[in-house]
Amino acid sequence: AKRGDERRYATYLPSMEEQSLAVLNMENDLRLALAAGAFELHFQPKVSAETGDVMGAEALIRWPHPERGMISPMDFIPLAEESGLIMPLGRWILRDACRRMVAWRAQGIAPPSLSVNVSPRQFADPSLTETIERTLEETGLPPECLDIEITESVTSGDVERVISTMAALKAMGITLSVDDFGTGYSSLNYLKRFPIDTLKIDQSFVRDLMDTKGKDAAICATVVALGNNLGFTVVAEGVETADQARFLYEKGCHMLQGYWISRPLPAAAFTAWLAEMSEP
Ligand code: C2E
Ligand code: CA
Ligand code: CA
Ligand code: CA
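A quick note: this is a predicted structure, and the numbers were derived from the prediction, not measured.

Colleague: Is there a simple way to think about the pattern of salt bridges in this case?
Modeller: Side-chain pairs of opposite charge can arise where the charged atoms are in close proximity. Throughout the structure, instances matching the rule amount to 10 salt bridges. Put simply, glutamate 58 and lysine 200 hold a salt bridge, and the shortest N to O gap is 2.9 Å. Within this pair, whereas glutamate 58 is found in strand S2 (residues 54–65), its partner lysine 200 is found in strand S7 (residues 198–201), the two being separated by 142 residues in sequence. By relative accessible area, which is 5% here, glutamate 58 ends up buried. Between aspartate 243 and arginine 246 there is a salt bridge, and its shortest N-O distance comes to 3.3 Å. Linking aspartate 243 with arginine 246, this pair stays in helix H11 (residues 242–251), spanning 3 residues, or about one helical turn. If you follow the salt bridges from partner to partner, you end up with Lys46, Glu58, Glu149, Lys200 and Glu237 in one network.

What follows is the structure, encoded as structure tokens:
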């Protein structure tokens, strides 16, 4: 999510005092929700552009709020980042995601890998690798089954430190994806230096892929080619139509994610989806 998203929550209210009060309330609500176990993970598949086989899934957090309905992560992740609540929240996300994967594996319906979003603040925390290692051990999930999605904004930190964290995760057997690729300060130099596996083309480029002006089509085609030439797996997110899927496949994109395949689903519904997909 972009910086400044946290303001969207407060804009319902007119005055400054009310705004900061709303943020305070929300921070407190977040704290309570975490303690009460009120968050949920939903799951969205990633499929092979060529065969349609399920290649992975992404865990996406949801907050069913008693008064406000389902609150979007774009409205509370930035606040969780700012308040530091992202640290315990992130640990919960990781653990719940790993547990789900272990259960799907036991049923023989698991995708090869599950992606978990890790925010910049979490990524900068020196205890991240240890937390992940411990969670994998405790849940019994093989590291190869875990993929970590980070945005380009992690690179705004100490680059050497970022690289050593990435290297530590890679050494464990975990894969790394760069999320929202093309929207941040993506330096080609970083692509060369970071030990990443996957580029995820941002959905803003996919959305207008079929525009007659063709700029986004050119960007998508170029990013797919760049990823292929550098030996990365390329995933397109936000794929909503068969036309988009076909275009991306023809350009060499490996995996597709988006409403065209499935919306993010609650765990039980996603389990049923996986079971259906793995029927012969
Ligand atoms: P993201 O990681 O880029 O996730 C992709 C977003 O696109 C998700 O929104 C997903 O529901 C949505 N999406 C998927 N397919 C389509 C499609 O075909 N069309 C459209 N229009 N949208 C699609 P969501 O779940 O609201 O999450 C928003 C952002 O919140 C995420 O963007 C990510 O930055 C953050 N987020 C979500 N879950 C987590 C989490 O567990 N941890 C952290 N740190 N951040 C999270
Ligand atoms: Ca993501
Ligand atoms: Ca993304
Ligand atoms: Ca995004």
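There is more to say, and it comes next.
Colleague: How should the coordination of the calcium ion (ligand 4) be read in this particular structure?
Modeller: Surrounding the calcium ion (ligand 4) are the protein donor atoms Asp180 (OD) and Asp180 (OD), which sit 2.9 to 3.0 Å from the metal. A spacing of 3.6 Å is found between the calcium ion (ligand 4) and the calcium ion (ligand 3), which share aspartate 180 as a donor. For aspartate 180, the location among the structural elements is in strand S6 (residues 175–181).

Colleague: What exactly am I supposed to notice about the packing of helix H4 (residues 86–106) against helix H6 (residues 128–139) here?
Modeller: To describe two helices that pack against each other, one gives the angle between their axes and the distance between the axes. Packing of H4 against H6 leaves a shortest axis separation of 10 Å and a crossing angle of 35°. Where H4 crosses over H6, the two elements pack in a sense that is right-handed. Facing Arg91, Leu94, Arg95, Cys98, Arg99 and Val102 of H4, the residues of H6 in contact are Thr131, Ile132, Thr135, Leu136, Glu138 and Thr139. Tallied by class, the residues present in the contact of H4 with H6 amount to 5 nonpolar, 3 polar and 4 charged.

Colleague: For this particular structure, what's the right way to read the coordination of the calcium ion (ligand 3)?
Modeller: Ideal geometry at a metal centre gives angles of 109.5 degrees when four donors are arranged tetrahedrally and 90 or 180 degrees when six donors are arranged octahedrally. Of the protein atoms, only Asp179 (OD), Asp180 (OD), Glu237 (OE) and Glu237 (OE) coordinate the calcium ion (ligand 3), at distances of 2.2 to 2.3 Å. Between the calcium ion (ligand 3) and the calcium ion (ligand 2), both coordinated by aspartate 179, there is a metal-metal distance of 3.9 Å. Judged on exposure class, the residue aspartate 179 and its partner aspartate 180 are both buried.

What counts, and at which threshold
Residues numbered from 1 in each chain as written. Chains lettered and ligands numbered in written order. Predicted model: local features only at pLDDT ≥ 70, side-chain atom pairs only at ≥ 80, totals over all residues. Heavy atoms only, no water. Salt bridge = Lys/Arg side-chain N within 4 Å of Asp/Glu carboxyl O. Helix = DSSP H or I, 4+ residues; strand = E, 2+ residues; numbered from the N terminus. Buried < 20%, exposed > 50% of the residue type's maximum accessible area, 1.4 Å probe, protein only. Donors = N, O, S within 2.8 Å, 3.2 Å for Na, K, Ca; no water. Axes fitted to C-alpha atoms, helices over the stretch in contact; angles between N-to-C directions. Left-handed = near helix turned anticlockwise from the far one by under 90°. Contact = heavy atoms within 4.5 Å. Nonpolar A, V, L, I, M, F, W, Y, C, P; charged D, E, K, R; others polar.

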